[in-house]
Amino acid sequence: MVEELLAAGIAAGVGAVVYLGAAARVVKQYERGVVFRLGRLRAGIRGPGLTTIVPFVDRLKKVNLQIVTMPVPAQEGITRDNVTVRVDAVVYFKVVDAANAIIAVEDYRFAVSQMAQTSLRSIIGKSDLDDLLSNREMLNQGLELMIDSPAVGWGVQIDRVEIKDVSLPETMKRSMARQAEADRERRARVINADAELQASKKLAEAAEVMSDQPAALQLRLLQTVVAVAAEKNSTLVLPFPVELLRFLERATPSDPAPPPNPAAAAQAPGAPAPGTPALGAAQAAGAAAPPVAPGATPSGGTPPAPAVPDPARPALPTVNGSTPAPDDPPA
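If you're wondering where the values come from, they're calculated on a predicted model, not measured in any experiment.

Each helix and strand counted, the protein chain has 10 helices and 8 strands in total. Within the protein chain, buried positions represent 18% of all 331 residues. Sequence-distant contacts in the protein chain: of pairs separated by 6 or more residues, those separated by 24 or more amount to 62%. Total accessible area on the protein chain stands at roughly 24500 Å², and carbon and sulfur atoms take up 60% of it.

Rendered as structure tokens:
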């Protein structure tokens, strides 16, 4: 009898242990448990710790309440200003209602992923390229609102949405680079022009001061000479006033033309000897003409008239030193 009672007690203990092993469940701190009894949702959400269910009748499903980081695949679209871009993002969300996350949607992770992709494409089509590049905070808020609206009914709360990267075509990158370079060059020119304007005003003020004190200009010249000489240059260029050159030119008298030198004129090649009168053009032409026999007629003309000697003209010596006859034409 005692043995039977002992065996029954052991059997009851083993059955209790098996029952507890089958009914006991452990829910972690970051999880919540949803119990289904015969396919029907039980009221109440099981909190963290040890909990029990009815074996073979109840079914416990655990839902993670941690924030989930889900990357959104890159989506290619056309912006409002007709630029093709590829944009990827990341979504941070968590479950706030474990029962709806199990009942309202089959797979809340997949649902949030698809909703994020469609919302990202919609944001790309509604935005300009400049907004995607510089005004991302507003786009992130709009994207978060678009994803969070249907996710509320799934027991999911969208914590944050961030646009990670915007990929542009190579042609668009080169165009933007040229635009940025042109803008920087424009700003550099404006700054340079502003600096020249300020410098011109200062120089005008300095000129007014130097006009009152002429010695200041000379001192400034000496300072420039010292600054140039400090660089160990072999050539030093000094400004020289043109007015001083003009003053020296006016002060220097002009030299008169030198008188002709008779000796130099006599020694010049081809000149006639002193005391010999120069031949006229007609005499030179007559000397160069070939001799014509007496009484002969030159070819192609009338017979020449006899030459009349000029008493005022001295007789020209011939080659052999004889004087030609008055009736003979000059040689």
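Back to the text.
This paragraph deals with the environment of Met 146. Tracing the backbone shows Met 146 in helix 5 (residues 136–151). Setting aside residues no more than four positions away along its own chain, Met 146 makes contact with Met 115, Ser 119, Ser 122 and Ile 123.

Applying the stated criterion to the full structure yields 8 salt bridges. Close ionic contact of Arg 80 with Asp 128 constitutes a salt bridge, the shortest N to O distance being 3.1 Å. With a gap of 48 residues between them, Arg 80 in the loop between strand 6 (68–78) and strand 7 (84–95) and Asp 128 in the loop between helix 3 (108–126) and helix 4 (129–134) connect regions that are remote in the sequence. Accessibility expressed as a relative area gives 52% for Arg 80, which makes it exposed.

The next point concerns helix 5. Compared with the 22 Å implied by 1.5 Å per residue over 16 residues, the 22 Å span of helix 5 between its first and last C-alpha is a close match. Within helix 5 the residues assigned to the buried category are Leu 139, Asn 140, Leu 143, Ile 147 and Ala 151. Along helix 5, the residues classed as buried sweep out an arc of 100° about the axis, all on the same side. Facing away from the buried side of helix 5 by more than 90 degrees, the exposed set consists of Glu 137, Gln 141, Leu 145 and Ser 149. Each element contacted by the buried residues of helix 5 is listed here: strand 7, helix 3, helix 4 and strand 8 (156–167).

Let us now look at the sheet that holds strand 5 (residues 58–64). One open sheet accounts for 3 strands, arranged 3-2-5; its pairing is antiparallel. The open sheet has two edge strands with one neighbour each: strand 3 (40–41) and strand 5.

Turning next to a nonpolar patch on the surface. Taken together, the side chains of Leu 6, Ile 10, Val 14 and Val 18 present a nonpolar region at the surface, about 390 Å² in accessible area. Summarising the element assignment, Leu 6 is placed in helix 1 (residues 2–23).

For the rest of this paragraph, the subject is the confidence of the model for the protein chain. On average, the protein chain scores 77 in pLDDT, and the residues at 70 or more come to 74%. Taken together, the stretch residues 270–301 has pLDDT below 50 and engages in 9 contacts with residues farther than four places along the chain or on a different chain. Scored below 50 in pLDDT, residues 316–322 shows 4 contacts in the model against residues more than four places distant or in partner chains.

Our focus in this paragraph is the packing of helix 3 against helix 5. How two helices sit against one another is set out by the angle between their axes and by the gap between those axes. Between helix 3 and helix 5, the least distance of the axes is 9 Å, while the angle of their chain directions is 140°. Between helix 3 and helix 5, the crossing angle belongs to the class labelled oblique. Judged by the sense of rotation from one axis to the other, the crossing of helix 3 with helix 5 is right-handed. On helix 5, the residues that touch Met 115, Ala 116, Ser 119, Leu 120, Ser 122 and Ile 123 of helix 3 are Leu 139, Gly 142, Leu 143, Met 146, Ile 147 and Pro 150. Counted by class, the contact of helix 3 with helix 5 contains 9 nonpolar, 3 polar and no charged residues.

Thresholds, definitions, all that
- Residues numbered from 1 in each chain as written.
- Predicted model: local features only at pLDDT ≥ 70, side-chain atom pairs only at ≥ 80, totals over all residues.
- Heavy atoms only, no water.
- Helix = DSSP H or I, 4+ residues; strand = E, 2+ residues; numbered from the N terminus.
- Buried < 20%, exposed > 50% of the residue type's maximum accessible area, 1.4 Å probe, protein only.
- Contact = heavy atoms within 4.5 Å.
- Areas by Shrake-Rupley, 256 points an atom, 1.4 Å probe, with all protein chains shown as cover.
- Salt bridge = Lys/Arg side-chain N within 4 Å of Asp/Glu carboxyl O.
- Expected span 1.5 Å × (residues − 1).
- Arc of directions from axis to C-beta.
- Pairing = 2+ DSSP bridges.
- Patch = residues over 30% accessible without salt bridge, like charges linked within 9 Å, V, L, I, M, F, W, Y side chains within 5 Å.
- pLDDT = per-residue confidence, 0-100.
- Axes fitted to C-alpha atoms, helices over the stretch in contact; angles between N-to-C directions.
- Parallel < 35°, antiparallel > 145°, perpendicular 65-115°, else oblique.
- Left-handed = near helix turned anticlockwise from the far one by under 90°.
- Nonpolar A, V, L, I, M, F, W, Y, C, P; charged D, E, K, R; others polar.

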